[in-house]
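# Observations on chain architecture
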Amino acid sequence: LTHFRNISCIMDCVTCDKCRLWGKIQIRGLGTALKILFSPGPVTELQLDRGEIQTIFNAFNQLSHSLHYVQEFRKQMETTSPHLPPSPNPFSGFGRNEL
């Protein structure tokens, strides 16, 4: 967790306030996800503060939007460049063919 605080301190060097804020939110969301993933006890006993809960939901939201845009970009590439072979589905290992 201290490594993510160090990265957050590095984000203070970013001059754009909006970019700095979004960067810190993303880093804290990633840190919270790792905290949940690597917690030694049961997840039900894990204590998260309000900011951690907000940032992890924000990180999930950003990730889902990114996955959506990647899928849309692939569809667009397949329709505009029909000579290219179709790309493999990166989500096939998760038990779903499409998201």
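Source: prediction; values computed, not measured.

## Concerning the overall build of the chain
Counting its regular elements, the chain contains 3 helices and 0 strands. Counting helices and strands in the order they occur from the N terminus, the chain gives α-α-α. Counting across all 99 residues of the chain, residues that qualify as buried make up 18%. Of the contacts formed within the chain by residues at least 6 apart in sequence, a portion of 35% connects residues at least 24 apart.

## As for the side chain of T32
Positionally, T32 belongs in helix α2 (residues 17-37). A polar contact of 2.8 Å, which involves the side chain of T32, links it to the backbone oxygen of R28. If we ignore the near neighbours within four places in the chain, the residues touching T32 are L48, E52, T55 and I56.

## Focus on the confidence of the model for the chain
As a note on interpretation, predicted positions should not be read in detail where pLDDT is low. Here the chain averages 81 in pLDDT, while 79% of its residues score no lower than 70. For the chain, helix α1 (residues 2-10) is the element with the lowest average pLDDT, namely 71, and helix α3 (residues 50-80) is the one with the highest, namely 90.

## What about the packing of α2 against α3?
It is at 8 Å that the axes of α2 and α3 come closest, and there the two elements cross at 100°. Looking at the two axes, α2 sits roughly perpendicular to α3. Facing W22, I25, Q26, R28, G29, T32, A33, K35 and I36 of α2, the residues of α3 in contact are G51, E52, T55, I56, N58, A59 and Q62. Residues that form the contact of α2 with α3 fall into these classes: 6 nonpolar, 7 polar and 3 charged.

## Topic: the pattern of salt bridges
Inspection of every chain in the model, using the stated rule, returns 4 salt bridges. Close ionic contact of D17 with R20 constitutes a salt bridge, the shortest N to O distance being 2.2 Å. One end of the pair, D17, and the other, R20, are both in helix α2, 3 residues apart, so they sit about a helical turn from each other. The exposed category is assigned to D17, whose relative accessible area is 55%. Among the salt bridges present, the one from K75 reaches E72, with a minimum N-O distance of 3.9 Å. Pair noted here: K75 and E72 are both in helix α3, with a separation of 3 residues, about one helical turn. Residue classification places E72 among the partly exposed residues on the basis of a relative accessible area of 36%.

## Some details on α2
In an α-helix, one full turn covers 3.6 residues, which means residues spaced three or four apart are oriented alike. Taking 1.5 Å of rise per residue, 21 residues should cover 30 Å, and α2 covers 30 Å from first to last C-alpha, within 8% of that figure. Within the sequence span of α2, burial applies to G23, I27, G29, G31 and T32.

## Concerning the side chain of E52
The topology assignment puts E52 in helix α3. Taking the relative accessible area as the measure of exposure, E52 reaches 8% and is therefore buried. Setting aside anything within four residues of it in sequence, one finds E52 in contact with R28, T32, K35 and Q47.

Cut-offs used in this document
Residues numbered from 1 in each chain as written. Predicted model: local features only at pLDDT ≥ 70, side-chain atom pairs only at ≥ 80, totals over all residues. Heavy atoms only, no water. Helix = DSSP H or I, 4+ residues; strand = E, 2+ residues; numbered from the N terminus. Buried < 20%, exposed > 50% of the residue type's maximum accessible area, 1.4 Å probe, protein only. Contact = heavy atoms within 4.5 Å. Polar contact = N/O pair within 3.5 Å; in protein donor to acceptor, adjacent residues only side chain to side chain. pLDDT = per-residue confidence, 0-100. Axes fitted to C-alpha atoms, helices over the stretch in contact; angles between N-to-C directions. Parallel < 35°, antiparallel > 145°, perpendicular 65-115°, else oblique. Nonpolar A, V, L, I, M, F, W, Y, C, P; charged D, E, K, R; others polar. Salt bridge = Lys/Arg side-chain N within 4 Å of Asp/Glu carboxyl O. Expected span 1.5 Å × (residues − 1).

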